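# Inside the fold
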Amino acid sequence: MADLLVLTPSPDGPAEVLPALALLSHRTRVVPPEPSAMLEAMDADVLIIDARFDLAEARNNCRLVQVTGVSVPLLLVLRDGGMSIVNADWGADDVVLADASPSEVEARIRLLVGRANAEDPMDKASEFSSGELTVDVGGYTARLKGRPLDLTYKEFELLKYLMQHPGRVYTRDQLLQEVWGFDYYGGTRTVDVHVRRLRAKLGAEHEHLIGTVRNVGYRFDPPAAKIAETTEATAT
């Protein structure tokens, strides 16, 4: 049994948005598409977004979920005509027609929950470390050699995101989207400024943890990777 949260402006119940839910045994709650409602989404297994009638509003609701930091799988409920409009930019994990059968809805929910549970533990960990650097997600703090780092909110979010994906290179545009969100209208220069400040706070001994890939972007270089690179360079 999954905990489902239905995000809809409609005053009707969840079975009105997705009738198959009336025949399934999942726990369902309905909330309006407001930022305050995202607090309830944090502990849901699947967030169902009503996209039956107003596609523009549904897309904005998808963005609302993303910018508020909710990482719950998103299932869009559409009518047939909406299938030609929705795309990857919406951030939905799956789509389903409003008149889908209970067996189809059940299968989609099961797959969404299964994939979410199989995600990299680093993405869900409340605290993780790399060498002498530790990030406490729940407490929004970072420590280096046990000493707290005085980071702004965005500096922390940037460091956390890069650490969660060690070795992976992100362009400035990707980091703007993932860390600052779709609603941010500043330029990519913002990323450079925050990287520079973050490196300064890490200090000369650890600033190399935030690596630059020329003409591409930035990545987090774990200490072990740096040691391997140094050893390889010395050997050659």
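Throughout this document, residue positions are counted from 1 along each chain, in the order its sequence is written. Selection of residues for local features in this predicted model requires a pLDDT of at least 70, selection of side-chain atom pairs for listing and counting requires 80 or more, and totals for whole chains, interfaces and linings are taken over all residues. Hydrogens are left out, water is left out, and the side-chain values use all remaining heavy atoms of the structure.

Two numbers describe how helix α6 (residues 153-164) lies on helix α8 (residues 189-202): the axes approach to 10 Å, and their chain directions differ by 85 degrees. The angle between the axes of α6 and α8 places the two elements in the roughly perpendicular class. Across the interface between the two elements, Lys-154, Glu-155, Leu-158 and Leu-159 of α6 pack against His-194, Val-195, Arg-197, Leu-198 and Lys-201 of α8. Each residue gets one of three labels, nonpolar for Ala, Val, Leu, Ile, Met, Phe, Trp, Tyr, Cys and Pro, charged for Asp, Glu, Lys and Arg, and polar for the others, Gly among them. Grouping the constituent residues of the contact of α6 with α8 by class yields four nonpolar, one polar and four charged. To obtain each axis, a line is fitted to C-alpha atoms, and for helices this fit is confined to the stretch in contact; angles are then taken between N-to-C directions over 0 to 180 degrees. Every helix listed is a DSSP run of H or I at least four residues long, and every strand listed is a run of E at least two residues long, numbered separately from the N terminus. For classification, angles of less than 35 degrees are called roughly parallel, those exceeding 145 degrees roughly antiparallel, those between 65 and 115 degrees roughly perpendicular, and all remaining angles oblique. Any two residues having at least one pair of non-hydrogen atoms within 4.5 Å are treated as being in contact.

For the rest of this paragraph, the subject is the packing of α6 against helix α7 (residues 172-180). α7 packs onto α6 with a crossing angle of 115 degrees between their chain directions and a minimal axis gap of 10 Å. Here α6 lies roughly perpendicular to α7, going by the angle between them. By crossing handedness, the relation of α6 to α7 is classed as right-handed. In this structure, α6 contributes Lys-154, Glu-157, Leu-158, Tyr-161 and Leu-162 to the contact, and α7 contributes Leu-175, Glu-178, Val-179 and Trp-180. Should the near helix be turned anticlockwise from the far one by less than a right angle, the crossing is termed left-handed; should it be turned clockwise, right-handed.

Before going further, it helps to spend a moment on the packing of aromatic side chains. Working definition: rings of Phe, Tyr and Trp (its six-membered ring) pair if their centres are within 6.5 Å, and the pair is stacked with planes under 30 degrees apart, edge-to-face with planes over 60 apart, and tilted otherwise. Inspection of every chain in the model, using the stated rule, returns three aromatic pairs. Three or more aromatic residues link up through ring pairs in this structure, and these residues are Tyr-140, Tyr-153 and Phe-156.

In terms of nonpolar packing, the biggest core is built from 27 residues, with Leu-133, Val-135, Leu-159, Leu-175, Ile-210 and Phe-220 touching the most fellow members. For this core, the secondary structure elements donating two or more residues are β7 (133-136), β8 (141-144), α6, α7, α8 and β12 (217-220). In terms of residue count, α6 provides more of this core than any other element does, six residues in total. If you look at the next biggest cluster of nonpolar residues, it comprises 19 residues, including Leu-4, Leu-21, Leu-75 and Ala-98. Here, nonpolar core refers to any group of buried Ala, Val, Leu, Ile, Met, Phe, Trp, Tyr and Cys residues whose side-chain atoms link them within 4.5 Å. Burial classes: relative accessible area under 20% of the type maximum marks a residue as buried, over 50% as exposed, and values in between as partly exposed (1.4 Å probe, protein chains only).

A pair of strands is considered paired only if DSSP assigns at least 2 bridges between the two. Judged by pairing direction, the sheet is parallel, and its five strands sit side by side in the order β2-β1-β3-β4-β5 without closing on themselves. Pairing within the sheet leaves two strands with one partner each, and these edge strands are β2 (27-31) and β5 (94-97). Strand-to-strand twist in this sheet, taken as the mean axis angle between neighbours without regard to direction, amounts to 25 degrees. Sheet topology note: the strand β1 (residues 3-7)/strand β3 (residues 46-51) ladder contains four bridges and is parallel. The partner of Leu-5 across the bridge, within β3, is Leu-47. In the packing of helix α4 (residues 102-117) onto the sheet, contacts are made with β1, β3, β4 (74-78) and β5, and the angle to β5 comes to roughly 170 degrees.

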